[in-house]
Amino acid sequence: MSNIASNVSMPSTEASADNKATDHAVGNRSDHVVEVRRLSKSFDEVEVLRDIDLEVSSGDVVTILGSSGSGKSTLLRCINWLEKPDRGTIHISGQRIGIDENSRKPMSQKALAKMRAKTAMVFQSFNLWPHLTVLNNVTEAPIHVQGKKREEAEALALSFLEKVGMAHKRDAYPFTLSGGQKQRVAIARALAMQPEVILFDEPTSALDPELVGEVLGVIKSLSAEGYTMVIVTHEMDFARAVSDQVVFLEKGLLIEKADPETFFTQPKTDRVKRFLEKQH
Amino acid sequence: MTNWDIVWDSRDLLWQGFLNTLSLFSVAIALAFLLGCLIVYRLEDPKTRWRLPLRSFIDIMRMLPFLVLVYLLYYGLPSAGIRLEAWWAGLIGLTFYHGAYFAEILRGCRVTLSNGQIEAAYAHGFTPSRMFIRLILPQLMIQARPLIGNQLVYALKDTAFLFIITVKDLTWAANSISATYFVPTEAFVAVIGFYWLISLVMEMAIRYAGRFGHKRGFDHV
Amino acid sequence: MDASAWPMLLEGAWTTLWISGISIAIGIISGLGIALLRIAKIPVLEQCLVLYISLGRATPLVTLTLFIFLTAPSLGLNMDRSLAGILALSLNTTAFNAEVWRGAFNNFSRDQREAAMACGMTSFTCFRRIMLPQMVITSLPGLVNEMSFLIKGSPSIAVIGIVDLTRVTNRISAVTYEPLPPILAAAVLYMAIIGGLIWLQRIAERHANRLAI
């Protein structure tokens with residue numbers, strides 16, 4: 001790890017992230033980083049997710065599309081158990097999240113927290129912690145969740161802040177930043193966990209149009225480096241450019257799953273055809 | 001005879017104290033609220049010469065303990081040749097002190113009121129005083145409801161200070177029963193019960209007023 | 001009023017300040033404790049705390065101070081005047097502070113808590129590292145406001161014979177037969193103390209508003 005501190009060049013980080021993912025895959029039930037099986041969830045008798053199956057392989061970028069209210073954000077939030085699904089299973093690198101496999105009971109807080117540390121999330125409304133500086137926002141979890149030493153965490157944090165172009169703001173407080181800057185810091189915060197998968201929940205929906213580009217640019221560069229990501233978004237061109245796989249949700253059902261070329265040029269269902277037409 | 005029987009036998013004293021507290025409190029807060037409204041109305045006019053004296057009055061009251069004001073009225077004024085009975089000193093003290101607080105509360109809410117509806121009122125030919133009474137004040141009262149409620153409880157509690165300048169209020173009753181028969185626990189528990197009762201009734205009244213405000217769409221308070 | 005009155009006034013001011021200061025410190029910490037116990041919603045205890053807060057807010061300080069001071073001996077407790085004063089002020093201010101703390105907890109941003117959970121923090125780590133530091137900042141204006149109310153209520157301890165800044169004026173005028181000057185001087189001292197707190201509150205508000213963005 002310490003070589004990252006001295007050597008900020010990206011390939012080393014990328015390599016270590018990849019190694020980690022493959023390490024975990026060995027001997028596990030599958031080599032998927034995220035595996036969702038028959039997932040269902042209701043809010044007050046309204047079914048928002050029905051029997052969803054989804055797998056994300058290491059290094060893949062999966063985007064979830066669908067009109068608002070289709071359940072795509074709920075699906076994302078189930079993956080790190082911010083929402084508790086009613087039925088179905090979710091495995092992160094082969095390990096089940098939320099339910100203890102031995103006792104069949106809900107996981108202890110501690111065990112759940114440990115699982116969540118393997119995933120990271122970037123929120124629509126950034127959710128930076130306003131009482132901490134940019135640097136401390138990024139080092140907070142590595143120090144207090146993963147138990148890293150402060151110097152190590154700071155060196156790591158700076159390398160990620162550099163990557164998202166925010167290192168010069170390390171001592172600023174969130175309230176002084178623009179939306180795009182906040183979101184880039186939030187991405188650095190997610191990267192600093194060195195997670196096996198990063199979940200993006202409409203990362204550009206709360207941004208002014210002119211700030212969307214800088215955030216999408218950062219996410220694109222991450223995909224080029226081989227990060228595993230699940231992205232909920234409304235940006236079609238971006239989804240097409242960055243995805244390895246596109247899934248489409250409609251009223252809680254996963255109705256289409258394809259590679260981006262097929263999805264955008266030869267959609268199988270009428271629903272997706274209409275959806276794509278409306279975008280232009 | 002239990003200690004509670006002794007308290008029960010002194011119920012006349014307690015009742016007298018209760019009435020004294022209640023009458024002082026209710027007359028004083030009615031006058032104080034009126035005073036508060038008048039001050040805010042005066043401050044409506046941006047060019048008024050009253051601005052500085054009224055602001056200073058509010059600020060001084062906010063920085064002074066109530067008992068010190070009462071001391072000024074009861075012990076201090078005789079030096080200037082004005083001698084007040086304890087009850088009157090208490091009433092005047094409560095009125096001015098809490099009048100300033102009411103003014104501050106209403107002024108705080110007034111600042112958040114939109115200017116558009118005031119222009120609309122002028123455009124419809126309202127005079128400043130009619131507009132204040134018909135349009136501004138009702139909104140202020142609905143919006144400031146929780147703060148007014150708090151202030152009422154503070155005013156009630158401040159009446160107990162008047163015991164120190166010999167007003168025969170509830171606390172005085174408890175103290176004299178306890179001193180005569182040596183039953184401090186029971187006497188004070190009874191009196192604290194009275195205070196609690198009054199504030200619960202006020203709380204309910206404020207909550208009822210809140211439902212009224214809710215119906216009119218003032219939800220953000 | 002001659003020069004010898006000033007040392008007496010300052011001594012009274014000091015008495016007011018140290019008794020209030022100790023009560024404020026006790027009130028802030030126990031207020032947080034009570035707020036957290038209420039948030040935990042433990043049956044029976046919850047109802048007791050609600051009752052305490054309701055009574056604590058409704059009971060006048062003068063009455064409470066007398067009650068504690070006069071009742072303690074009949075319970076076999078030997079209570080020093082200052083202790084009774086501190087107890088009364090603390091019991092009162094704790095009830096108010098508990099509500100300030102609870103408000104800060106309940107209004108805490110759900111989004112931020114989710115961000116902490118998503119990073120793998122346990123509830124306790126999230127409380128200690130993310131919530132509590134911000135609750136301190138958002139509660140501070142309310143807590144400082146409550147401090148000035150406590151100082152304004154502190155003359156109530158005079159009823160049990162503590163010579164605070166208010167009661168000392170009686171002492172001075174008993175000698176000089178001129179009550180007005182010492183009362184005015186005491187008023188000025190109170191205004192300096194409470195004015196200082198109001199100024200602090202304004203600074204605290206500015207800080208708290210920053211977090212709200």
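As the structure is a prediction and not an experimental result, all values here were calculated from the model.

Let us look at the packing of helix 2 (residues 11-44) of chain B against helix 7 (residues 128-143) of chain B. All names here are of chain B. It is the contact of helix 2 with helix 7, at a shortest axis distance of 11 Å, that shows an interaxial angle of 120 degrees. Comparing the axis directions of helix 2 and helix 7 gives the class oblique. Handedness of the crossing formed by helix 2 with helix 7: right-handed. Contacts between helix 2 and helix 7 involve Phe33, Cys37, Val40, Tyr41 and Glu44 from the first element and Pro128, Ser129, Phe132, Ile136, Leu137, Leu140 and Met141 from the second. Class assignment for the residues of the contact of helix 2 with helix 7 results in ten nonpolar, one polar and one charged.

This part takes up empty space enclosed by the protein. A complete count under the given rule lists six cavities of 30 Å³ or more for this structure. Space inside the largest cavity adds up to approximately 250 Å³. Forming the walls of the largest cavity are 18 residues, and the residues nearest its centre are Tyr154 and Asp158 of chain B together with Phe149, Lys152 and Gly153 of chain C. Elements with a minimum of two residues in the lining of the largest cavity: helix 5 (86-112) and helix 8 (145-159) of chain B together with helix 4 (81-106) and helix 6 (123-153) of chain C.

Here we take up the interface of chain C and chain A. When the parts of a complex come together, some accessible area is lost, and that lost area is often taken as the interface size. Every contact between the two is made by 22 residues of chain C and, on the other side, 25 residues of chain A. When chain C packs against chain A, close to 2100 Å² is buried across both sides, 61% of that on carbon and sulfur atoms. Looking only at chain C, the three residues that lose the most surface to chain A are Ala118, Cys119 and Arg129 of chain C, adding up to 26% of its buried area. Summed over the shared surface of chain C and chain A, the number is two salt bridges. Linking Glu114 of chain C and Arg77 of chain A is a salt bridge whose minimum nitrogen-to-oxygen distance equals 2.5 Å. Elements with a contribution of two residues or more to the side of chain C that touches chain A: helix 5 (110-118), helix 6 and helix 8 (180-212) of chain C.

For the rest of this paragraph, the subject is the UniProt feature "transmembrane region" (unreviewed entry) in chain C. All names here are of chain C. The feature "transmembrane region" (unreviewed entry), as annotated in UniProt, sits at residues 12-37, 49-72 and 180-200 in this numbering. As annotated, residues 12-37 comprises 100% helix and 0% strand, and the C-alpha atoms at either end are separated by 37 Å. Helix makes up 100% of residues 180-200 and strand 0%, whereas the separation of the span's terminal C-alpha atoms amounts to 30 Å.

Our focus in this paragraph is the layout of surface pockets. Empty space among the atoms becomes apparent when a probe as large as a water molecule is rolled across them. Approximately 2000 Å³ is the volume found for the largest pocket. Taken together, 48 residues line the largest pocket, and the ones lying closest to its centre are Leu147, Asn150 and Tyr154 of chain B together with Asn145 and Phe149 of chain C. Breaking the lining of the largest pocket down by element, the ones donating at least two residues are helix 3 (51-62), helix 5, helix 8 and helix 10 (184-215) of chain B together with helix 2 (45-58), helix 4, helix 6 and helix 8 of chain C. For the lining of the largest pocket, the leading source of residues is helix 6 of chain C, giving nine residues. Classifying every residue of the lining of the largest pocket gives 20 nonpolar, twelve polar and 16 charged.

All right, on to the nonpolar core then. Inside soluble globular proteins, nonpolar side chains tend to come together where they are buried. Core analysis: the biggest nonpolar cluster contains 114 residues, and Ile39 and Leu162 of chain B together with Leu9 and Leu165 of chain C have the highest contact counts within it. Counting residues per element, this core draws most heavily on helix 2 of chain B, at 13 residues. Sequence-distant contacts of Leu165 of chain C, defined by excluding residues within four places in its chain, comprise Leu9, Gly12, Ala13, Thr16, Ala186, Leu189 and Tyr190 of chain C. If you look at the next biggest cluster of nonpolar residues, it comprises 54 residues, including Val62 of chain A together with Leu32, Ala115 and Phe127 of chain C.

About the cut-offs
- Residues numbered from 1 in each chain as written.
- Chains lettered and ligands numbered in written order.
- Predicted model: local features only at pLDDT ≥ 70, side-chain atom pairs only at ≥ 80, totals over all residues.
- Heavy atoms only, no water.
- Axes fitted to C-alpha atoms, helices over the stretch in contact; angles between N-to-C directions.
- Helix = DSSP H or I, 4+ residues; strand = E, 2+ residues; numbered from the N terminus.
- Parallel < 35°, antiparallel > 145°, perpendicular 65-115°, else oblique.
- Left-handed = near helix turned anticlockwise from the far one by under 90°.
- Contact = heavy atoms within 4.5 Å.
- Nonpolar A, V, L, I, M, F, W, Y, C, P; charged D, E, K, R; others polar.
- 1 Å grid on protein atoms, 1.4 Å probe; cavity = no way out; pocket = protein on both sides within 12 Å on 5 of 7 lines; lining within 4 Å.
- Points joined across faces, edges and corners; volume = space filled by probe spheres on them.
- Buried area = accessible area lost by both parts, 1.4 Å probe.
- Salt bridge = Lys/Arg side-chain N within 4 Å of Asp/Glu carboxyl O.
- UniProt positions renumbered as here; feature names shortened; annotations may be inferred.
- Core = buried A, V, L, I, M, F, W, Y, C linked by side-chain atoms within 4.5 Å.
- Buried < 20%, exposed > 50% of the residue type's maximum accessible area, 1.4 Å probe, protein only.

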